Amino acid sequence: MNLKQAKIIILVVVLLLTGLAGYMFYEQRNYKETVVVSEGITEVKKLSNYSDSIKGSVNDTNVYIFDSGKEGGTFLICGGTHAEEPACNLAALVFAENLKVTQGRIIVINRINISGSLATRMGEAYPRYYHIETPWGVQKFRFGDRCCSPLDSWPDPEVYIHYDSRQNLANVDIRNTNRSWPGRPNGLIAERTTYAIMELIRQEDVDYVLDFHEAELEYPVENTIVTHERGNEVAAMTSMILSANVFDVPIGMEFSPKELHGLSHREIGDASNAVSYLAEVAEPMLDRIRGITDEELLLSGKDRFVMEAGKAGLLYAPIDEDGWHIDKRVARHVKTALTIIESNNMMNPDQTILVEGMPSYEEMMSNGVGAYLLDPESVDEGRLYYE
């Protein structure tokens, strides 16, 4: 083989790899997830119904409304803030596909930040998708990045200055939908997204909000409910109930720092009449000391390197050979949300919300999250939505 032939072969290989990479990026960017809404659904809106700031963007997400028609409270459940935290959109999806409200209202957003799920975090070797086994087959979901895709938000500034507080934050956090609250209508996409959700909260007279999250075990804010000061009593009651009688690993309660801005648990409570909560659960896939970053780790939550770090006392959450399976993480979030509702009913009876159709923690741990995801082929088209 002469030099010219070698160059041609190298060029062909490079073009083939470039084409394959381009196809993979295109596929993830355009893949649609199915949502089969519960029979208890009363209305599905778009986020742009509340603000034109998000109209026409990839983050103009679906808003699922479950209204009993009976006077009571209004609760907003937010999933998918960070696409690399899959238990969060799955927990919201379990509500969207199973919920029936018999008093008050519940509003569900499965994916606040769709943009983040359309790309991947550079340099992390994340899987593009993950798959959940169900009684009717396998359902496929996008994984994604913590922040909005650079394709939808560019350029990052040298320093991100939070608009309302003027606090300096990391430059990439201008694409982070949990650093951009309460948002602004003429900012970049993360700011426009949170602004539109704030408008939803105001226009729908939302009483309280829960934002689902997962965190690495190296992170001190772990397995906890972070609460705005107006939610202290409800969060404390929820923590006590779940830690004493339900969860094997206790769920704590932490106060939202008043001087740390841009986060949902601070800004929603400050900028509206709604009380804001944020729930964290352990996800070993996010730890920096993890092993191979693949779908197996994403789903099983098992990693021997993270376990060794735990033995050395370097973690803020326990981990053993059972890991932190996706079923457990989703079950904890679903149960936390339901217990916040029950606790708020006791503390604020004028905001009572009563629900049916939701699986218990024990059922989800026994049957897995897939048992509560509905088959798109088994329902009429009127209950089928895409994200």
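Residues numbered from 1 in each chain as written. Predicted model: local features only at pLDDT ≥ 70, side-chain atom pairs only at ≥ 80, totals over all residues. Heavy atoms only, no water.

Draft legend 1. Here's a closer look at the overall build of the protein. Each helix and strand counted, the protein has nine helices and 16 strands in total. A compact globule built from 387 residues should have a C-alpha radius of gyration of about 21 Å, and the protein, at 21 Å, falls within 12% of that. By residue count, 56% of the 387 residues in the protein fall in the buried class. For the protein, contacts bridging at least 24 residues in sequence account for 75% of all contacts bridging at least 6. Across the protein, the mean location of the 35 positive side-chain charges is 6 Å away from that of the 58 negative side-chain charges. (Helix = DSSP H or I, 4+ residues; strand = E, 2+ residues; numbered from the N terminus. Rg over C-alpha atoms; globule rule 2.2 N^0.38 Å. Buried < 20%, exposed > 50% of the residue type's maximum accessible area, 1.4 Å probe, protein only. Contact = heavy atoms within 4.5 Å. Lys, Arg positive; Asp, Glu negative; His and termini not counted. Charge placed at Lys NZ, Arg CZ, Asp CG, Glu CD.)

Draft legend 2. Representation of helix H7 (residues 304-311). Within H7 the residues assigned to the buried category are Val306, Met307 and Ala309. In an axial view of H7, the angular spread of the buried residues amounts to 160 degrees, which keeps them on one side of the axis. For H7, exposure combined with an orientation more than 90 degrees from the buried face picks out Arg304 and Lys311. One side-chain oxygen at the N-terminal end of H7 lies 2.9 Å from the backbone nitrogen of phenylalanine 305; it belongs to aspartate 303. (Arc of directions from axis to C-beta. Polar contact = N/O pair within 3.5 Å; in protein donor to acceptor, adjacent residues only side chain to side chain.)

Draft legend 3. Quick look at the pattern of salt bridges. On inspection of all chains with the given rule, the structure shows 20 salt bridges. For the salt bridge of arginine 128 with glutamate 27, the shortest nitrogen-to-oxygen distance reads 2.7 Å. Within this pair, whereas arginine 128 is found in the loop between strand S6 (105-109) and strand S7 (129-134), its partner glutamate 27 is found in helix H1 (residues 3-30), the two being separated by 101 residues in sequence. Overall, the relative accessible area of 23% leaves glutamate 27 in the partly exposed class. The salt bridge involving glutamate 229 is made with arginine 266; its shortest N-O contact spans 2.7 Å. Taken together, the residues span a long stretch of sequence, with glutamate 229 in the loop between strand S12 (224-227) and helix H4 (232-245) and arginine 266 in helix H5 (residues 264-271) at a distance of 37 residues. Through salt bridges with shared partners, one network takes in Lys45, Arg105 and Glu204. (Salt bridge = Lys/Arg side-chain N within 4 Å of Asp/Glu carboxyl O.)

Draft legend 4. Main features of the sheet that holds strand S4 (residues 74-78). On the basis of which strands lie adjacent, the open sheet formed by eight strands has the order S2-S3-S6-S4-S11-S14-S12-S13 and mixed pairing. For this open sheet the edge positions go to strand S2 (43-46) and strand S13 (252-255), each flanked by a neighbour on one side alone. If you compare each strand with its neighbour and ignore which way they point, the axes differ by 20 degrees on average. Judged from the four bridges that link them, S4 and strand S11 (residues 208-215) form a sheet pairing that is parallel. If you follow leucine 76 over to S11, its bridge partner there is valine 209. Those strands touched by H4 are S12, S13 and strand S14 (275-282), and its axis lies near 160 degrees from that of S13. (Pairing = 2+ DSSP bridges. Axes fitted to C-alpha atoms, helices over the stretch in contact; angles between N-to-C directions.)

Draft legend 5. The arrangement of the state of the cysteines in detail. Taken as a whole and assessed by the stated rule, the structure comprises zero disulfides. No disulfide involves cysteine 148; its sulfur sits 7.2 Å from the nearest other cysteine sulfur, which is in cysteine 147. (Disulfide = S-S within 2.5 Å.)

Draft legend 6. Expanded view of the pairing of S13. Pairing between S12 and S13: four bridges, direction parallel. In the strand pairing of S13, isoleucine 225 is matched with methionine 253. Handedness of the crossover joining S12 and S13 through H4: right-handed. (Right-handed = clockwise from strand over helix to strand, strands pointing away.)

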